[in-house]
Amino acid sequence: MRRVLSPYCPTAMTTITRAVHLLPIFYPILIVVTIFTPYIIAVSLDHVYPFLPSISKTAGFEPEGSIFGFLMFLVAWIGLLALFIRYLQLKGFSQQGFEKDVLHKVSWFNTISLSPGVLGIIGVVMVANFRSSVIQIVAAIYQVHNVGTGILFIGSGVYFWFQTLISYHGVAVKLNSKSMFLFRLAVSLIMTVSGVAYPFFKYTKYSNGMSGIETAHWSPEEAGYAAHVISSVGEWIACLTIGIYIASFYKEFQTFSLEVSYVENAELERKSNGGYSKVGQSKEDEVSDE
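Now for a quick tour of the structure. Please read these numbers as outputs of a predicted model, since none were measured by experiment. (Residues numbered from 1 in each chain as written. Predicted model: local features only at pLDDT ≥ 70, side-chain atom pairs only at ≥ 80, totals over all residues. Heavy atoms only, no water.)

1. Quick word on helix α5 (residues 114–129)
Taking 1.5 Å of rise per residue, 16 residues should cover 22 Å, and α5 covers 23 Å from first to last C-alpha, within 8% of that figure. Buried within α5 we find P116, G117, G120, I121, G123, V124, M126, V127 and A128. (Helix = DSSP H or I, 4+ residues; strand = E, 2+ residues; numbered from the N terminus. Expected span 1.5 Å × (residues − 1). Buried < 20%, exposed > 50% of the residue type's maximum accessible area, 1.4 Å probe, protein only.)

Structure below.
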């Protein structure tokens with residue numbers, strides 16, 4: 001990362017970073033840490049059974065619950081940053097002067113995908129704030145947590161399908177390879193199947209004998225055990241595929257650098273005939289304006 005002075009204004013600074021390609025590598029690592037850290041603590045303290053507990057239940061006690069909430073906030077903020085950078089990358093790419101019809105589709109899908117992407121981030125924040133607990137002091141918290149999980153999976157899934165469509169059209173304009181499109185298509189399919197299996201089998205186990213709130217310690221003899229295992233597998237896979245999909249942006253994030261510029265207002269507020277001079281306007285231009 002380096003800073004340079006703008007040639008137009010002595011206090012206009014531009015921050016340039018060429019390390020954006022590291023973000024798709026860091027993000028899946030963060031997701032793995034977020035999932036497995038509470039799991040390891042919960043199992044070591046005998047708060048949950050070790051074989052495929054739901055991710056929510058691994059954060060149902062303290063101290064793992066607070067750690068889970070903190071890490072989920074990092075997942076949300078860094079995920080939003082990755083979402084924004086991906087949007088800027090595709091926006092810049094779609095302004096190139098070839099294959100106008102294809103680039104128009106890329107631009108359109110890029111803009112549309114922002115809404116479900118942000119929706120998925122909101123789901124992450126909801127899950128972090130309204131954590132599921134075995135002992136439900138307020139039953140509504142459990143329902144808000146489930147809604148947040150649904151928003152997370154639906155928003156992420158729709159975002160990934162839009163990005164997969166972009167990857168399909170991106171083959172023609174050398175945005176990505178055909179193998180990358182096929183990889184993202186496979187990940188999107190896995191995400192969709194696991195994301196649907198998670199809530200379906202979660203509520204199926206309730207009809208097989210479980211009450212509204214699930215237990216922290218399961219055994220094969222309990223009613224709804226098979227449905228619970230399938231539901232947990234779907235939840236774990238859906239969460240991990242989010243990190244895997246973002247990691248696929250690594251090569252494309254190597255093709256550009258990120259620049260953030262700012263200009264102090266004082267340098268812009270130069271009166272010229274009762275108005276303001278433009279950034280980049282030379283002194284000769286100012287004199288001629290007068």
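Now that the structure is up, let's keep going.
2. Regarding the layout of surface pockets
Space inside the largest pocket adds up to approximately 270 Å³. Contributing to the lining of the largest pocket are 16 residues, with G150, F153, I154, G195 and P199 lying nearest its centre. Of the residues that constitute the lining of the largest pocket, the class distribution is 9 nonpolar, 6 polar and 1 charged. (1 Å grid on protein atoms, 1.4 Å probe; cavity = no way out; pocket = protein on both sides within 12 Å on 5 of 7 lines; lining within 4 Å. Points joined across faces, edges and corners; volume = space filled by probe spheres on them. Nonpolar A, V, L, I, M, F, W, Y, C, P; charged D, E, K, R; others polar.)

3. Some remarks on the packing of aromatic side chains
Tallied over the full model, the rule gives 11 aromatic pairs. Their ring planes at 70° and their centres at 5.2 Å tell us that W108 and F109 sit as a pair that is edge-to-face. With relative accessibility at 47%, the residue W108 sits in the partly exposed group. Of the residues examined, F109 reaches a relative accessible area of 13% and is grouped as buried. Among the aromatic residues, ring-to-ring pairing joins Y159, F160, Y245, F249 and F253 into one connected group. (Phe/Tyr/Trp six-rings, centres within 6.5 Å; stacked < 30°, edge-to-face > 60°.)

4. Digging into the side chain of H21
Along the chain, H21 turns up in the loop between β2 (13–17) and α1 (23–44). On the accessibility criterion, H21 (19% relative accessible area) is buried. Those residues in contact with H21 that lie beyond four places of it in its chain are Y250, F253 and Q254. (Contact = heavy atoms within 4.5 Å.)

5. Here we look at the side chain of E252
Within the fold, E252 resides in helix α9 (residues 250–253). If we ignore the near neighbours within four places in the chain, the residues touching E252 are R86, Q89, L175, N176, M180 and R184.

6. Description of the pattern of salt bridges
Pairs can form between side chains of opposite charge whenever their charged atoms are close. Per the counting criterion, the structure on display carries 2 salt bridges. Where E252 meets R86, a salt bridge forms, and the shortest distance between an N and an O atom there is 2.6 Å. Taken together, the residues E252 in helix α9 and R86 in helix α3 (residues 64–93) connect sequence positions 166 residues apart. Of the residues examined, R86 reaches a relative accessible area of 0% and is grouped as buried. Ionic pairing is found between E252 and R184, a salt bridge with its closest N-O pair at 2.5 Å. One end of the pair, E252, is in helix α9; the other, R184, is in helix α7 (residues 178–207), and 68 residues separate them in sequence. Each member of the pair, E252 together with R184, is buried. Connected through shared salt-bridge partners, R86, R184 and E252 make up one network. (Salt bridge = Lys/Arg side-chain N within 4 Å of Asp/Glu carboxyl O.)

Interpretation in functional terms is not warranted from these geometric data alone.
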